[in-house]
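# Commentary on secondary and tertiary structure
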Amino acid sequence: MLSIDRRQLKTLMAREEEAFIRAHPRSQALYERARGSLVGGVPMTWMSLWPGGFPIFAREAEGARLVDVDGHAYVDLCLGDTGAMTGHAPAAAVEAIAAQSRRGITTMLPTEDAVFVGEEMQRRFGLPLWQFTLTATDANRFVLRIAREITKRPKVLVFNYCYHGTVDETFITLENGRPRSRPGNVGPGVDPIVTTKVVEFNDVHALEAALAPGDVACVLAEPALTNVGIVLPEPGFHAALRDLTRRTGTLLVIDETHCLCAGPGGYTRAHGLEPDILTIGKPLGSGVPSGAFGLSAEIAAQMTASDEADYVDTGGIGGTLAGNALSLAAMRATLEHVLTDAAFVRMIPLAERFTAGVEDVVAKRGLPWHITRLGCRAEYLFQPDRPRNGGEAHARKDADLDAFMHLFALNRGILLTPFHNMALMSPATTAEDVDRHTAVFAEAADALLAR
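In this text the structure is predicted, and so the values were computed from the model without any measurement.

Each value, and the rule that gives it
- Residues numbered from 1 in each chain as written.
- Predicted model: local features only at pLDDT ≥ 70, side-chain atom pairs only at ≥ 80, totals over all residues.
- Heavy atoms only, no water.
- Phe/Tyr/Trp six-rings, centres within 6.5 Å; stacked < 30°, edge-to-face > 60°.
- Helix = DSSP H or I, 4+ residues; strand = E, 2+ residues; numbered from the N terminus.
- Buried < 20%, exposed > 50% of the residue type's maximum accessible area, 1.4 Å probe, protein only.
- Pairing = 2+ DSSP bridges.
- Axes fitted to C-alpha atoms, helices over the stretch in contact; angles between N-to-C directions.
- Core = buried A, V, L, I, M, F, W, Y, C linked by side-chain atoms within 4.5 Å.
- Contact = heavy atoms within 4.5 Å.

## With respect to the packing of aromatic side chains
- Counted according to the given criterion, the structure contains 11 aromatic pairs.
- Between F159 and F237 the ring centres are 5.7 Å apart and the planes differ by 65°, which places this aromatic pair in the edge-to-face class. Taken together, the positions of F159 in strand β5 (residues 155-159) and F237 in helix α8 (residues 237-247) put the pair 78 residues apart, joining distant regions of the chain.
- For F159, a relative accessible area of 1% corresponds to the buried category.
- With 5.8 Å between their ring centres and 50° between their planes, Y380 and F382 make a pair best called tilted. F382 shares its class with Y380; the two are buried.
- By way of ring pairs, the aromatic residues W369, Y380, F382 and F441 are connected into one cluster.

Rendered as structure tokens:
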């Protein structure tokens, strides 16, 4: 297989950075102005993680298109890193959001939409009882508390390089086989090695050993790793995970926030998983902050069995704006009219087309790269072998190639997710959008291989 000349890569990156700056004077001016009032020049610090020296500033977005303040239009394959998986401003959701905003945004009271959404989540995911949050992070935080309350066990278990939002307990990794706080973890109140056990994804033996002492309240798991490149479960892994958690009295929490891409009921429905609790967020409200967690009937009964656990006031579960009328109206419209069964029938083949296009470019040029698809989501890694766990994926990460590919694509009207090489299909994405990416990807590969 061919290797990439790093001097050539450095030269190309410098050219792309110069082209980016020339083409985005308005974004650069706004960024410089914003640095006077916003930390890092952005409304949330992670928005600075874009190639080119500064982020583009968005002017408008609709469907699978985004337009920046300099007037450049992009095929948006980032889609708000899954938050806009619905496509931007889908008509049904916009109408419902506008109508509800005129009727009241938050009242601290239930609405009819909440009943509809609970019944629809029940239908999609198979868990009978639901609660609503503003984010998947909140949902995960709350269910970890519930799991510890029910089991009276102190620990949780996660997989190395998992993604569960900003949950304190999950910022843990393995270094030379030993757990430690992830590098860069900001001000942890408690070292996560006190609260959390961590093992590699797909490692059944390590999982069994970690659960054997009986001190783990729950396993919090993505069905497939999604934030370090897509790492799929090996055959039999989920069956073993479910069997081990049941045998050790450990609750199983499945986080579908990214894996909703697998279908209208996420990976859970597509592959017949049987979690005790399920968490989800991001695209549920077509961009309006929304999250949820679902419970089996048994877990819901155990949750409320103790008089000592306060679920209605100061027990650490909830939030003043959780379950607000606007979020529930947006969720109802999204589930009823946008992220429908029919939408996934269209979106998943587009991801298959995207994957096939990338594979063709890689194969014809003999490049040591690969791509993995999960439903309507696909991601390429600049490494020859598919990693079987998060540790392998992270160790082989090629930050220089990642940055180059993102900026090269951006300069040619393709917006990829900056945190990783993820492309997501929305109901508004077209085959032409996918083929445009394939052409740009091929152009980038050829530029890197030119002598």
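## With respect to the sheet that holds strand β11 (residues 277-280)
- Taken together, 7 strands build an open sheet; the order of strands is β4-β12-β11-β10-β9-β5-β8 and the sheet is mixed. This sheet does not close on itself; its edge strands, each paired only once, are β4 (129-133) and β8 (196-199). Here the strands of the sheet are splayed against their neighbours by 20° on average, with no regard to which way each runs.
- Pairing between β4 and strand β12 (residues 291-295): 5 bridges, direction antiparallel. Bridging from a neighbouring strand, F132 pairs with A292 of β12.

## Re the nonpolar core
- Counting residues in each nonpolar core, the largest one holds 99 residues, and the members touching the most others are F159, F354, W369 and M425.
- Ranked by residues supplied to this core, first place goes to helix α12 (residues 341-365) with 10 residues.
- Setting aside its immediate chain neighbours within four residues, W369 contacts I4, V362, L381, F382, Q383, P384, L401, M405, F441, A445 and L448.

Any functional reading would require information that these geometric values do not contain.
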